[in-house]
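Observations on chain architecture
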Amino acid sequence: MELQGTVKKITEVQTFASGFQKREMVLTTEEQYPQPINIEFLQEKGDLLNPLKEGDKVKVSINIRGREWTSPQGEVKYFNSITGWKVENLESAGGFEPTQATPSATKPAEGKGVFEEDEDDLPF
């Protein structure tokens, strides 16, 4: 899957006692209701965030992962995580241009306009 948006935040590398490393990026989606999405980059994939800065427009290839956890009381819970594995900086790649409909695709059909009606179609 892919997500596209603007980099809101990039965290420092977190290293755990086991040697496991992760780095997180918050991506704000560009849609009617923008969403801040937290994406984890594990181990050496954290280096993918080095050339980025807040405000960059990017496309991120992600995997959605889920896991099950049982508490000491026996309660089962489920957790999801979003893991990034590839980042494309859309600004350095020439930016992205909004697609535009060609003029011929927006013209009404020959004869009548979009909102015109035949005079004979009136019910009274």
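Just so you know, these numbers come straight off a predicted model, no measurement behind them. (Residues numbered from 1 in each chain as written. Predicted model: local features only at pLDDT ≥ 70, side-chain atom pairs only at ≥ 80, totals over all residues. Heavy atoms only, no water.)

Counting 13 residues, the largest nonpolar core has M25, I39 and V60 as the members making the most contacts within it. Residue assignment for this core shows that the elements contributing at least two residues are β1 (2–10), β3 (21–29), β4 (36–42) and β5 (57–70). (Core = buried A, V, L, I, M, F, W, Y, C linked by side-chain atoms within 4.5 Å. Buried < 20%, exposed > 50% of the residue type's maximum accessible area, 1.4 Å probe, protein only. Helix = DSSP H or I, 4+ residues; strand = E, 2+ residues; numbered from the N terminus.)

As a further point, take the pairing of β1. When a strand is regular, its side chains alternate between the sheet's two faces. Of the strand pairs in this sheet, β1 and β5 are connected by five bridges, and their pairing is antiparallel. Residue L3 lies in a different strand from β5, and its bridge partner there is V60. The sheet contact formed by β1 and β3 spans five bridges and is antiparallel. Its bridge partner being in β3, G5 is matched across the sheet by T29. (Pairing = 2+ DSSP bridges.)

Per-residue confidence for the chain gives a mean pLDDT of 83; residues scoring 70 or more make up 74%. For the stretch residues 95–117, pLDDT sits under 50, and the model shows 10 contacts to residues farther than four places along the chain or on other chains. (pLDDT = per-residue confidence, 0-100. Contact = heavy atoms within 4.5 Å.)

With that settled, consider the pairing of β3. Within β3, seven of the nine residues are buried, which leaves the element mostly enclosed by the surrounding structure. Bridge analysis of strand β2 (residues 14–15) against β3 gives two bridges, and the strand direction is antiparallel. Looking at β3, one finds that T15 is bridged to Q21. The antiparallel hairpin formed by β2 and β3 contains five residues in its connecting segment, where G19 sits at a positive phi of about 95°. Across seven bridges, the pairing between β3 and β4 is antiparallel. Of the residues in β4, the one forming a bridge with V26 is N38.

The next thing to look at is the pattern of salt bridges. A side chain with one charge can pair with a side chain of the opposite charge if their charged atoms come near. This structure, assessed with the given rule, holds five salt bridges. In this structure, the salt-bridge partner of E24 is K22, at a minimum N-O distance of 3.2 Å. Here E24 matches K22 in class, with each residue buried. Among the salt bridges present, the one from E88 reaches K59, with a minimum N-O distance of 3.8 Å. Of this pair, E88 sits in strand β6 (residues 76–89) while K59 sits in strand β5; the two residues are 29 residues apart in sequence, bridging distant segments of the chain. Taken together, the shared-partner salt bridges in this structure form one network comprising K22, E24 and E40. (Salt bridge = Lys/Arg side-chain N within 4 Å of Asp/Glu carboxyl O.)

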